[in-house]
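Survey of secondary and tertiary structure
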Amino acid sequence: MPAFDDSSAGRRLIGWLERLRGTSHDVPPAPLAAGRSLDYVLLEAVVSGLPDPVVVLDGDGRVLAFNAGAGTLAPALRRGEPASIALRTPELVEAIRAANASGRAQRIEFSTRVPSVRWSEAIIAPITLGGREPGRPGVVVITVHDLTPIHRVEEMRADFVANASHELRTPLAALSGFIETLQGPARDDTAARERFLGIMREQAWRMARLIDDLLSLSRIELRAHMRPDAPVDLVPIVRQVADGLQTLARDRGVAIEVAMPTEPLMVLGDRDELIRLFENLVENALKYGASGKRVDILLSSVQAADGRREARVAVRDHGPGIAAEHLPRLTERFYRVDVGESRAQGGTGLGLALVKHILNRHQGRLGIESKPGDGATFTARLPLA
Ligand code: ADP
């Protein structure tokens, strides 16, 4: 190991480095005790191989080495120059000063806004090199970690909790209001009591449905990485879903037309989840596309672009359709084109999020096509077993 070494090989290396120092503007004078030297070549090699942005400073705060990641974060970094010129984050400059003064590692979190919002963590570690008096650092190593994905997940979770609470609070407020009315002004009004109890039952049902969807979603997420391995035939599953929704279809004045192959369409799947998936798609078509009077369900096996065969279940309605700007967001939790209409239909805003998660777990995909005024087609694609 030639670095920090007094052996003859080490001395040769030191001589070579000294020459390099004399000829290159890139390499600053090394702030080291007599007879010892830094191996810049090795230092640069190590730093460039590290996955996170790393900057190494000498005891006076000048840049000894940095890697490409650090260069992207702070484009003005130059070897031999004070790091404080290139580092735009005042907290970071202050932490370097504190690390130098105390000889102890510092940790800070900071955010940058250009070119996009990013959150980072920096660890500033003063390292005492051999031969130096204790407490006085030889180099300072700054390592930056990207915290942006963690922050995004935290934000999503906070949004989700806020949305779920809001969705539950609305029917709960209605229930409390009606209970107070029934205990007070409407105490002896039989007609009002019957009407209010009807609304209360609907609100309680809405809360139950929301909790049911939330639990299903978290169960599916927990098993997201466990691929289902039971062979199941989609043909009887889709038939069962269509039969089960006949009452809703009749209520809405819609006819369900099913076209399916005579042979089985086998996939590796979880039967209950697949039933839930197709129920959500067909129910949405019946609820939001009722004005089209017809819902078509088409099952087929098709050669996918990658050559593998896949099962396709397309659910098409002939209702008002969905404007293009909504299509990419439909599978987000609680996203609804029209919140009022979704609530009136008993929707929770979680149906298509469930569909997407179930398909992901089955290595399938969801396609949504719609021309406003000409209905919508939701197509589930699943690899054939
Ligand atoms: P919801 O519980 O509100 O039905 P979903 O996640 O199932 O939640 O659907 C999200 C939104 O997508 C619905 O609120 C509705 O605005 C829209 N949508 C879903 N399916 C259709 C469809 N077949 N036609 C028109 N809009 C639809």
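The preceding data block contains the structure.
Residues numbered from 1 in each chain as written. Predicted model: local features only at pLDDT ≥ 70, side-chain atom pairs only at ≥ 80, totals over all residues. Heavy atoms only, no water.

Each helix and strand counted, the protein has twelve helices and twelve strands in total. Going through the 385 residues of the protein one by one, you find that 40% of them count as buried. Within the protein, contacts between residues separated by at least 24 positions form 60% of all contacts whose residues are at least 6 apart in sequence. Taken as a whole, the protein presents about 21000 Å² of accessible surface, with 55% of it coming from carbon and sulfur. (Helix = DSSP H or I, 4+ residues; strand = E, 2+ residues; numbered from the N terminus. Buried < 20%, exposed > 50% of the residue type's maximum accessible area, 1.4 Å probe, protein only. Contact = heavy atoms within 4.5 Å. Areas by Shrake-Rupley, 256 points an atom, 1.4 Å probe, with all protein chains shown as cover.)

Next up on the list: the environment of Phe-334. When you line up the elements, Phe-334 lands in the loop between β10 (309-317) and α11 (339-344). Sequence spacing of Phe-334 and Leu-350 is 16 residues, and the spatial spacing of their C-alpha atoms is 5.6 Å. In this structure Phe-334 touches Phe-160, Asn-163, Ala-164, Glu-167, Leu-210, Leu-214, Thr-348, Gly-349 and Leu-350, once residues within four positions along its chain are discounted.

Adjacent strands of a sheet pair through backbone hydrogen bonds, lying either parallel or antiparallel. If you walk across this open sheet you meet the five strands as β7-β9-β10-β12-β11, and the pairing is mixed. What marks the edges here is a single partner per strand, and that holds for β7 (255-259) and β11 (365-370). Pairwise comparison of adjacent strand axes, ignoring direction, gives a mean angle of 15° for this sheet. Sheet topology places β7 next to strand β9 (residues 294-303); five bridges connect them, and they run parallel. Residue pairing in the sheet places Glu-257 in a bridge with Asp-296 of β9. Sheet strands in contact with helix α8 (residues 234-244) are β7, β9, β10 and β12 (376-383), and its direction is about 170° off that of β9. (Pairing = 2+ DSSP bridges. Axes fitted to C-alpha atoms, helices over the stretch in contact; angles between N-to-C directions.)

We note that Lys-293 has phi near 65°; this positive angle belongs to a residue other than glycine. Examined against the element boundaries, Lys-293 turns out to sit in the loop between α10 (271-288) and β9. According to the relative accessible area criterion, Lys-293 is exposed, its value standing at 51%. The residue Phe-334 is not glycine, and still its phi comes out positive at about 70°.

In this structure, β9 lies alongside β10, joined through nine bridges in antiparallel fashion. By the bridge assignment, Val-302 is partnered in β10 with Glu-310. Between β9 and β10, which pair antiparallel and follow one another directly, the connecting turn spans five residues, one of which, Gly-307, has a positive phi of 95°. Sheet topology note: the β10/β12 ladder contains seven bridges and is antiparallel. Each bridged residue has a counterpart across the sheet, and for Ala-314 the counterpart in β12 is Thr-379.

The next thing to look at is the packing of aromatic side chains. In this description, a pair of aromatic rings is defined by centroid distance and the angle of the planes. Scanning the entire structure with this criterion turns up two aromatic pairs. With 5.9 Å between their ring centres and 35° between their planes, Phe-160 and Phe-334 make a pair best called tilted. Separated by 174 residues along the polypeptide, Phe-160 in helix α6 (residues 148-183) and Phe-334 in the loop between β10 and α11 bring together distant segments of the chain. In this structure Phe-334 comes out as buried when scored by relative accessible area, which is 10%. (Phe/Tyr/Trp six-rings, centres within 6.5 Å; stacked < 30°, edge-to-face > 60°.)

This brings us to the nonpolar core. In terms of nonpolar packing, the biggest core is built from 50 residues, with Leu-234, Leu-274, Leu-277 and Phe-278 touching the most fellow members. Broken down by secondary-structure element, the contributors of at least two residues to this core are α7 (190-222), α8, α10, β9, β10, α12 (351-361) and β12. Looking at this core, the element that brings in the most residues is α10, giving eight residues. Excluding anything up to four places from it in sequence, Leu-277 contacts Val-355, Ile-358, Leu-359 and Ala-380. (Core = buried A, V, L, I, M, F, W, Y, C linked by side-chain atoms within 4.5 Å.)

By the secondary structure assignment, His-357 is in helix α12. Within the structure, the side chain of His-357 is placed 3.4 Å from the side chain of Glu-221, a separation counted as a polar contact. In this view, His-357 contacts Leu-217, Ile-220, Glu-221 and Arg-333; residues no more than four positions away in its chain are not counted. (Polar contact = N/O pair within 3.5 Å; in protein donor to acceptor, adjacent residues only side chain to side chain.)

Close to the ligand lie 19 residues, the nearest being Tyr-288, Ser-342, Thr-348, Gly-349 and Leu-352. Between the ligand and the protein, one listed contact pairs an oxygen atom with a backbone N or O atom of Thr-348 at 2.7 Å. Gly-349 is positioned with one of its backbone polar atoms (N or O) 2.7 Å from an oxygen atom of the ligand. For the shell around the ligand, the secondary-structure elements that each account for two or more residues are α10 and α12. The leading source of residues in the shell around the ligand is α10, at four residues. Residue classes in the shell around the ligand are distributed as nine nonpolar, six polar and four charged. (Near = heavy atom within 4 Å. Nonpolar A, V, L, I, M, F, W, Y, C, P; charged D, E, K, R; others polar.)

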